[in-house]
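# Descriptive structure summary
Each chain is listed here by its residues.
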Amino acid sequence: MTLGKILVSQSDRSYIIKLVGDVRVTLCASLNNYMEVIFKSEKISEIIVDMVDTEGADSTTLGLLAKLAIYSNDKFKIRPIVFCPDESLYETLMVMGLDDVFEIVQSLRLRLEDYEELPVDVPSTVVDRTKQHVLDAHHLLSSFSEKNKHEFLDLIQTLEEER
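Everything numeric here is computed off the predicted structure, so don't read it as measured data. (Residues numbered from 1 in each chain as written. Predicted model: local features only at pLDDT ≥ 70, side-chain atom pairs only at ≥ 80, totals over all residues. Heavy atoms only, no water.)

### Overview of the overall build of the chain
Stated precisely, the cut-off is as follows: Comment: elements are numbered from the N terminus, with helices defined as DSSP H or I runs of at least four residues and strands as E runs of at least two. Contacts between residues were defined by any pair of non-hydrogen atoms, one from each residue, lying within 4.5 Å. Only the protein chains shown count as cover for residues, and the accessible areas themselves come from Shrake-Rupley with a 1.4 Å probe.
If you tally the helices and strands in the chain, you get five helices and seven strands. The helix and strand sequence of the chain, counted from the amino end, reads β-β-α-β-β-α-β-α-β-β-α-α. Counting contacts in the chain only where the partners sit at least 6 residues apart, residues at least 24 apart contribute 66% of the total. Of the roughly 9700 Å² that the chain leaves accessible, carbon and sulfur atoms contribute 52%.

### Details of the nonpolar core
To keep things clear, this is the line we draw: Residues belong to a common nonpolar core when they are buried Ala, Val, Leu, Ile, Met, Phe, Trp, Tyr or Cys residues joined through side-chain atoms within 4.5 Å. For every residue, the accessible area (1.4 Å probe, protein chains only) is compared with the maximum for its type, and the residue is labelled buried under 20%, exposed over 50%, or partly exposed between those bounds.
Formed by 36 residues in total, the largest nonpolar core has its most connected members in Ile6, Ile17, Met51 and Phe102. Elements represented by at least two residues in this core include exactly strand S1 (5-11), strand S2 (14-23), helix H1 (28-39), strand S3 (46-50), helix H2 (59-76) and helix H3 (87-95). For this core, the element with the highest residue contribution is H2, accounting for seven residues.

### Points about unusual backbone geometry
Both trends apply: most residues other than glycine have a negative phi, and most peptide bonds are in trans. Phi angles above zero are rare outside glycine, and aspartate 12 is one such case at about 50 degrees. For aspartate 12, the location among the structural elements is in the loop between S1 and S2. On the basis of relative accessible area, aspartate 12 is assigned to the exposed category, the value being 71%. Of note in the backbone geometry, lysine 77 takes a positive phi value of approximately 60 degrees without being a glycine. Residue placement: lysine 77 occurs in the loop between H2 and strand S5 (81-83).

### Points about the packing of H1 against H2
Selection criterion: Where helices are involved, their axes are fitted lines through C-alpha atoms of the stretch in contact, as for all axes, and angles between N-to-C directions lie from 0 to 180°. Note on terminology: angles under 35 degrees are roughly parallel, angles over 145 are roughly antiparallel, angles of 65 to 115 are roughly perpendicular, and the others are oblique.
Orientation of H1 relative to H2, taken along the N-to-C sense of each, is 5 degrees, at an axis distance of 10 Å. Between H1 and H2, the crossing angle belongs to the class labelled roughly parallel. Contacts between H1 and H2 involve Cys28, Leu31, Asn32, Met35, Glu36, Ile38 and Phe39 on the former and, on the latter, Thr60, Thr61, Leu64, Leu65, Lys67, Leu68, Tyr71, Lys75 and Phe76.

Now the structure itself:
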């Protein structure tokens, strides 16, 4: 699967969120921050979620999208539209009950050229855990042979110094 990213576009009172690749929890802080921008808007005419190029979306991502839809239904009296031609993803959306808060369309490809990529906003605890996993993995690999020990020595020292 392709590493995920989230692209956004905003014009007048319309917001578009495009999920590309495999969208996971590491992108959710950025998605949540962008949703806060939407929530502060005075008036919104439409919200579109483009999943045409989405290969996967974890439950955290789907939960945030549900939050967006519920808020939009309540505050703006609009039902966001999701474009999702992938049968497997479509089934996931349906099983999760997201068709209660979204209008889900299996066809129509959006062709927007001025998306802006959201930066990855990773909490420091995630970064710390990731560094620990990398350190543990390389300690393990180093224990297999002298060659590995020399190969990963600098990386291990750098990671240990950062702790």
